[in-house]
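Chain residues, written in single-letter form:
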Amino acid sequence: MLSKRVLVLISCLAGVAGLGVSSIGAAPARAETAASSSAPAELEELRLAAGQGDATAQFDLGVMYANGRGVARNDGEAVRYFRLAAEQGHAAAQSYLGFMYAEGRGVAQNDGEAARYTRLAADQGDVDAQYALSEMYAEGRGVAQNFGEAVRYLRLAADQGDVYAQRVLGDIYENGRGVAQNGGEAVRYYRLAADQGNAEAQDHLGWMYAEGIVGVAQNDGEAVRYYRLAAEQGHMWAQYNLAGMYVDGRGVAQNDGEAARYYRLAAEQGVADAQGKLAGMYEDGRGVVQSDSEAYFWLSLAASKRPDYTDDRDLAGSRLNPTEIANVQARVAAWKAKK
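The residue numbering used here restarts from 1 in each chain and proceeds along that chain's sequence as written. Only residues with pLDDT of at least 70 get local features here, since the model is predicted, and only at 80 or more are side-chain atom pairs given and counted; chain-wide, interface and lining totals rely on the full set of residues. The side-chain values count all of the structure's non-hydrogen atoms but skip hydrogen atoms and water molecules.

Quick word on the packing of helix α16 (residues 272–284) against helix α17 (residues 292–305)
Orientation of α16 relative to α17, taken along the N-to-C sense of each, is 160°, at an axis distance of 8 Å. As the angle between them shows, α16 and α17 are arranged roughly antiparallel. The handedness of the crossing between α16 and α17 is left-handed. Along the contact surface, α16 presents Ala-272, Gln-275, Gly-276, Leu-278, Ala-279, Tyr-282 and Glu-283, while α17 presents Glu-294, Ala-295, Trp-298, Leu-299, Leu-301, Ala-302 and Lys-305. Amino acid classes used here: Ala, Val, Leu, Ile, Met, Phe, Trp, Tyr, Cys and Pro are nonpolar; Asp, Glu, Lys and Arg are charged; the rest, including Gly, are polar. Across the contact of α16 with α17, the residue classes break down as nine nonpolar, two polar and three charged. Lines are fitted to the C-alpha atoms to define the axes, a helix being fitted only along its stretch in contact, and any angle between axes, read from their N-to-C directions, falls within 0 to 180 degrees. Each helix is a run of DSSP H or I of at least 4 residues and each strand a run of E of at least 2, with the numbering of both proceeding from the N terminus. We call two directions roughly parallel when the angle between them is under 35 degrees, roughly antiparallel when it is over 145, roughly perpendicular when it lies between 65 and 115, and oblique otherwise. For a crossing to be left-handed, the near helix must be turned anticlockwise from the far one by less than a right angle; the clockwise case is right-handed. Note on contacts: a residue pair qualifies if any of its non-hydrogen atoms lie within 4.5 Å across the two residues.

What follows is the structure, encoded as structure tokens:
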């Protein structure tokens, strides 16, 4: 998984707002706004404020130089301004400076310095620094590996509403990684992340409710609800799982048409089992118009990833003539070329 700090910086570099990932994101967004409308006079005013010791102006200039917004990109200048602000206790600047050390941008790569600046920000309550420092402790980068500290900083970030930290803590408590296994805490953190729209947490909660494990009572209705939330965000496994609920009529009225629709969504994202299930529906004409060609097409795709689908593919192909097989194989080749 990408570092949270990396995700934040990517959002700045791409000029994407509203990812909902941080307090760090607020200050860069402000700097980008200034840069995007930066007349020379406004830029000079920002430099003047930075030269007079204004930590926010120093940080904003650092972001502008790091991103190449309103000025030519210059990592050395970015580091210089981040350091000026960081030395005044500016938490976001400390976190960004930690990132620059971690990546070796504008300075020699140094995990120890990365951890030092990240800790300064984390201990001021900077949520992204807390998440990043938890990764450093988990991996032993710049600090001695310490899963207890990793969980402590992760929990600090989660308790501030960090959705990624909540999702990871759900997994940690579910599997007892660095903490005592605790189904109730696992569900609590998964639900916090799911309620913020995290599709992975939604899909996982759906599975937990479908199976009635890890601290929840079995409930098909709740399983379908969480699967649907994730599926509507394009989560391929949630689409696959929701299709299965429609096939079996679990938590919803049985509906082969809806099952085929969700299998198709997952199949189009490359889920081999969804491709195989959709092929079976075409073979039987359940929820779709019966078509041996479509069955052969989807089984060909599934078999290209999963050899256990090879026999089913060959059986489907035995029901087609050579021209039909050639046409399907051309479709398969075109599909793979696009992917």
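Anyway, onward from the coordinates.
Concerning the side chain of Gln-166
Residue position: Gln-166 is located in helix α10 (residues 163–175). Under the scheme applied here, a residue whose accessible area is under 20% of the maximum for its type counts as buried, over 50% as exposed, and between as partly exposed, the area being computed with a 1.4 Å probe on protein chains only. The exposure class of Gln-166 is buried, given its relative accessible area of 3%. Those residues in contact with Gln-166 that lie beyond four places of it in its chain are Ala-158, Gly-161, Tyr-189, Tyr-190, Leu-192, Ala-193 and Gln-196.

Examining the pattern of salt bridges
Salt bridges, as used here, are contacts in which a Lys or Arg side-chain nitrogen is within 4 Å of a carboxyl oxygen on Asp or Glu. This structure, assessed with the given rule, holds 20 salt bridges. Note that Glu-77 is salt-bridged to Arg-80, the shortest N-O span being 3.0 Å. Of the two residues, Glu-77 and Arg-80 both sit in helix α5 (residues 75–86), three residues apart, roughly one turn of that helix. Of the residues examined, Arg-80 reaches a relative accessible area of 39% and is grouped as partly exposed. With its nearest N and O atoms 2.9 Å apart, the salt bridge here joins Asp-308 to Arg-306. Using a relative accessible area of 29% as the deciding quantity, one classes Arg-306 as partly exposed.

Details of unusual backbone geometry
Positive phi, close to 55°, is recorded for Val-214, a residue that is not glycine. With respect to the helices and strands, the residue Val-214 is situated in the loop between α12 (199–211) and α13 (220–231). You can call Val-214 partly exposed: its relative accessible area is 24%.

So, α12
Over its 13 residues, α12 extends 18 Å from the first C-alpha to the last, a length consistent with the 18 Å expected when each residue adds 1.5 Å. Every buried residue of α12 is listed here: Ala-199, Ala-201, Gln-202, Asp-203, His-204, Leu-205, Gly-206, Met-208, Tyr-209 and Ala-210. Packed against the buried residues of α12 are α10, α11 (183–195), α13 and α14 (236–248). A side-chain oxygen of the first residue of α12 lies 3.2 Å from the backbone nitrogen of Glu-200; this N-cap is Asn-198. Positive backbone phi, approximately 65°, marks Gly-212, located one or two places after α12. Every helix has an expected span of 1.5 Å times one less than the residues it contains. The definition of a polar contact used here is a pair of N or O atoms within 3.5 Å, where within protein one atom must be able to donate a hydrogen and the other to accept one, and adjacent residues in sequence count solely through side-chain atom pairs.

Notes on the side chain of His-235
Within the secondary structure layout, His-235 lies in the loop between α13 and α14. What makes His-235 buried here is its relative accessible area of 16%. Sequence-distant contacts of His-235, defined by excluding residues within four places in its chain, comprise Ala-199, Glu-200, Asp-203, Ala-230 and Gln-269.

Digging into the packing of aromatic side chains
Two rings from Phe, Tyr or Trp (for Trp, the six-membered ring) form a pair when their centres are within 6.5 Å of each other. A pair whose planes differ by under 30 degrees is stacked, one over 60 is edge-to-face, and the rest are tilted. A full pass over the atoms with the stated rule returns 14 aromatic pairs. When the centroid spacing of 5.5 Å and the interplanar angle of 80° are considered together, the rings of Trp-298 and Trp-335 count as edge-to-face. You can see Trp-298 sitting in helix α17 and its partner Trp-335 sitting in helix α19 (residues 322–338), a full 37 residues away along the chain. Clustering of aromatic rings is evident, with ring pairs tying together Phe-59, Phe-82 and Tyr-96. The side chain of Arg-152 reaches across the aromatic face of Tyr-153, ending 4.5 Å from its centre. A ring is considered to have a charge above it if a Lys NZ or an Arg CZ atom is located within 6 Å of its centre and within 35 degrees of its normal. Sitting above the plane of the Tyr-226 ring, Arg-225 keeps its charged end 4.4 Å from the centroid.

Describing the confidence of the model for the chain
Along the chain, pLDDT gives the predictor's confidence residue by residue, from 0 to 100. On average, residues of the chain carry a pLDDT of 88, and 88% of them reach 70 or more. Here residues 1–37 scores under 50 on pLDDT; set against residues more than four positions off or in separate chains, the count is 77 contacts.

A look at the nonpolar core
In terms of nonpolar packing, the biggest core is built from 65 residues, with Leu-169, Leu-205 and Trp-298 touching the most fellow members. Examining the composition of this core, we find that eight residues originate from one element, α17, more than from any other. Excluding anything up to four places from it in sequence, Leu-169 contacts Val-151, Leu-154, Arg-155, Ala-158 and Tyr-189. The term nonpolar core refers to a set of buried residues drawn from Ala, Val, Leu, Ile, Met, Phe, Trp, Tyr and Cys, joined through side-chain atoms within 4.5 Å. If you look at the next biggest cluster of nonpolar residues, it comprises 40 residues, including Ala-55, Tyr-65, Met-136 and Val-143.

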